[in-house]
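Each chain is listed here by its residues.
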Amino acid sequence: MADNKKIKTALISVYHKQNLDGIIRKLNQFDVKIISTGGTKTFIESLGVKVTSVESLTGYPSILGGRVKTLHPKIFGGILSRRENQGDVSQLTEYEIPEIDLIIVDLYPFESTVASGASEQEIIEKIDIGGISLIRAAAKNYSDVVIIPSQTDYQPLLDLLEEKQGMFSLEDRKWFAYRAFAVSSHYDAAIFSYFNNQSDSERISFNEGQVLRYGENPHQQAIFYKFQNVPTGVTISNAKVLQGKALSYNNMLDADAAWKAASDAYHSVTHLNNKVAVSVVKHLNPCGLAVTENIMESLELAWAGDPISAFGGIICFTGVVTGEVAEWFQNKFVEILIAPEFTAEALEVLGKKKNLRLLETPVKDEMTGEKLYRSISGGMLVQDEDEGMDTQFDVVTEMKFNSDKINLAKFGVTACKHLKSNAIAIVTQTPAGAYWLTGAGMGQPNRLDSMRHLTMPRFDMKEGVSMEDSVVISDAFFPFRDSIEAANEYGVKYIVEPGGSIRDNEVIEACNEFGIAMVFTGRRHFKH
């Protein structure tokens, strides 16, 4: 088997014609016979290049509205024939089948059609049959055939044509075969995902990963892969990067956490008209979160939630960042600002901080239907995103929650669910009706430590904030009354937890003993 082979005949059938003209002209320069059909044939002819129609080769027209064009032995025989197999060569001669050395295909855009919200019939028609068959056949016979499986590979092909004057080595052909199977497997995975309604079956495929500087630590390599199809299309991965250094692995995780926390907080508050939520995140945990009717007030309250931890943090806004907001950061160090929009004045001010990343993206929908994927050694875990607002707030104690405290509790549950377990959050309402996170304890092996060593000390840093008017939220049930006793020591009067412990009655009795009002939500919010 000769290693270097010269292209003599090419079959071209593509969806995207952009940047194809240079390849066509180069093939024509090398006297390569070109076979094509439909819109691709018309495009090639418009360049003044001679082209043989598939129909004249096969003796059959394009039928079924274009569904069947290239599916014919005279096409696939010329692709799959083994050039050094005498039996194959004899059959090509017997049936007058030309050898085809180069296949250029660009599949129907299935994923983008699904993402556009097209009808089911439109989506089905974008399932490519002939193209995917050509790709697999040519890639299988890479020892003799070059396969170009997508528009992404037009430029590598043109570069090799110019460099090697129409000759391709076995190494070249095998590399394009690798690319072909990457395209075909990803395409099939996308189609499977569209049809899949089984909770125990998943196909995940990524193409063109973005190599990051490093992972969580400098000695770890990392790559970012972007989902092509998400239920809403609004994701942090689709955010527009306006300025700043390249995002790191940790930056991406924290930006996602900040965006989700701010968006969920925004959706949790219903009594404010022109509400704006602001989150401040460090190491995936909100150290500040506030919702008010003024973006500056939300920013100041969120920052005041834990000003020490806010240093070097990621800030997300659900409102437009103005010049006034931008000026506020003049003497503060943060890594990333996220917002639906930055005004021209804000961009001018923030542009002086060359390393500061600015991400522009809409507020996250309350429900997206996204899945969460996490790897373990030798496998992967998949679960639903913890989305939606808690709606059940059952008072289980003698002391009652009034309607204002229930509304505050809804915001508090949202804040708490974004903290790493075991998590305890304290939320407070200002006299103007704004909500903010005034204490947060997270990541502890027991919730008593979260309360005593993190949540309460952070709350005590606040001046003029009353514990008696605030609400304490636990992400899971209190297993013993000791946490209630600790809460009482700090003057807590309102507690929210999901309930569900075998000792719920013991915990309720402790609340009644201390005059604490408690509600059960019925929904746990562990976050590991």
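Everything that follows concerns the structure shown earlier in this document.
Residues numbered from 1 in each chain as written. Predicted model: local features only at pLDDT ≥ 70, side-chain atom pairs only at ≥ 80, totals over all residues. Heavy atoms only, no water.

Student: If you had to explain the overall build of the chain to someone new, which residues and values would you point to?
Tutor: The secondary structure content of the chain amounts to 19 helices and 23 strands. Its C-alpha atoms give the chain a radius of gyration of 31 Å, more than 25% over the compact-globule value 24 Å for 528 residues. Viewed in the frame of its principal axes, the chain has a C-alpha envelope of about 95 × 55 × 45 Å. Among the 528 residues that make up the chain, the fraction classed as buried is 49%. Residue pairs in contact within the chain that sit at least 24 positions apart in sequence constitute 59% of those at least 6 positions apart. Counting only carbon and sulfur atoms, one obtains 49% of the accessible surface of the chain, whose full area is about 24900 Å². (Helix = DSSP H or I, 4+ residues; strand = E, 2+ residues; numbered from the N terminus. Rg over C-alpha atoms; globule rule 2.2 N^0.38 Å. Buried < 20%, exposed > 50% of the residue type's maximum accessible area, 1.4 Å probe, protein only. Contact = heavy atoms within 4.5 Å. Areas by Shrake-Rupley, 256 points an atom, 1.4 Å probe, with all protein chains shown as cover.)

Student: Pulling in residues and values, what's your account of the pattern of salt bridges?
Tutor: This model, assessed by the stated rule, comprises 21 salt bridges. Here Arg 179 and Asp 153 are joined by a salt bridge, their closest N and O atoms 2.9 Å apart. With Arg 179 in helix 10 (residues 170-195) and Asp 153 in the loop between strand 6 (146-148) and helix 9 (154-164), this pair connects stretches of sequence that are 26 residues apart. There is no split in this pair, since Arg 179 and Asp 153 are both buried. Measuring nitrogen to oxygen at the nearest pair gives 2.7 Å for the salt bridge that ties Arg 447 to Asp 475. Taken together, the positions of Arg 447 in helix 17 (residues 447-460) and Asp 475 in the loop between strand 21 (471-474) and helix 18 (482-489) put the pair 28 residues apart, joining distant regions of the chain. Residues participating in the shared-partner salt-bridge network are Asp 264, Lys 364, Glu 387 and Lys 417. (Salt bridge = Lys/Arg side-chain N within 4 Å of Asp/Glu carboxyl O.)

Student: Talk me through the sheet that holds strand 3 (residues 33-36); I want residue IDs and the actual numbers.
Tutor: Strand-to-strand pairing in sheets goes through backbone hydrogen bonds, with the strands running parallel or antiparallel. The five strands are arranged 4-3-2-5-6 in an open sheet whose pairing can be described as parallel. Edge positions in the open sheet fall to strand 4 (52-53) and strand 6, since each of these has one partner strand only. Running over the sheet, helix 8 (residues 130-140) touches strand 2 (9-14), strand 5 (102-106) and strand 6 and is turned about 145° from strand 5. (Pairing = 2+ DSSP bridges. Axes fitted to C-alpha atoms, helices over the stretch in contact; angles between N-to-C directions.)

Student: Lay out empty space enclosed by the protein with the relevant residues and their values.
Tutor: In this structure the tally under the stated criterion is three cavities of 30 Å³ or more. Of the volumes computed, that of the largest cavity is approximately 50 Å³. Lining of the largest cavity is provided by 13 residues; of these, Val 413, Ile 473, Ser 474, Arg 523 and His 525 occupy positions nearest its centre. Going through the elements one at a time, helix 16 (403-417), strand 21 and strand 22 (494-497) are the ones with two or more residues in the lining of the largest cavity. Grouping the constituent residues of the lining of the largest cavity by class yields five nonpolar, three polar and five charged. (1 Å grid on protein atoms, 1.4 Å probe; cavity = no way out; pocket = protein on both sides within 12 Å on 5 of 7 lines; lining within 4 Å. Points joined across faces, edges and corners; volume = space filled by probe spheres on them. Nonpolar A, V, L, I, M, F, W, Y, C, P; charged D, E, K, R; others polar.)

Student: Tell me about the side chain of Thr 292, and please be specific about residues and values.
Tutor: Residue position: Thr 292 is located in strand 12 (residues 285-292). Here Thr 292 falls in the buried class, since its relative accessible area comes to 1%. Reaching out from Thr 292, the side chain makes a polar contact with the backbone oxygen of Asn 294 at a distance of 2.6 Å. Residues within four places of Thr 292 in sequence aside, it is in contact with Leu 272, Asn 274, Lys 275, Val 276, Glu 297, Ser 298, Leu 301 and Ala 434. (Polar contact = N/O pair within 3.5 Å; in protein donor to acceptor, adjacent residues only side chain to side chain.)

Function cannot be read off these values alone, since they describe shape.
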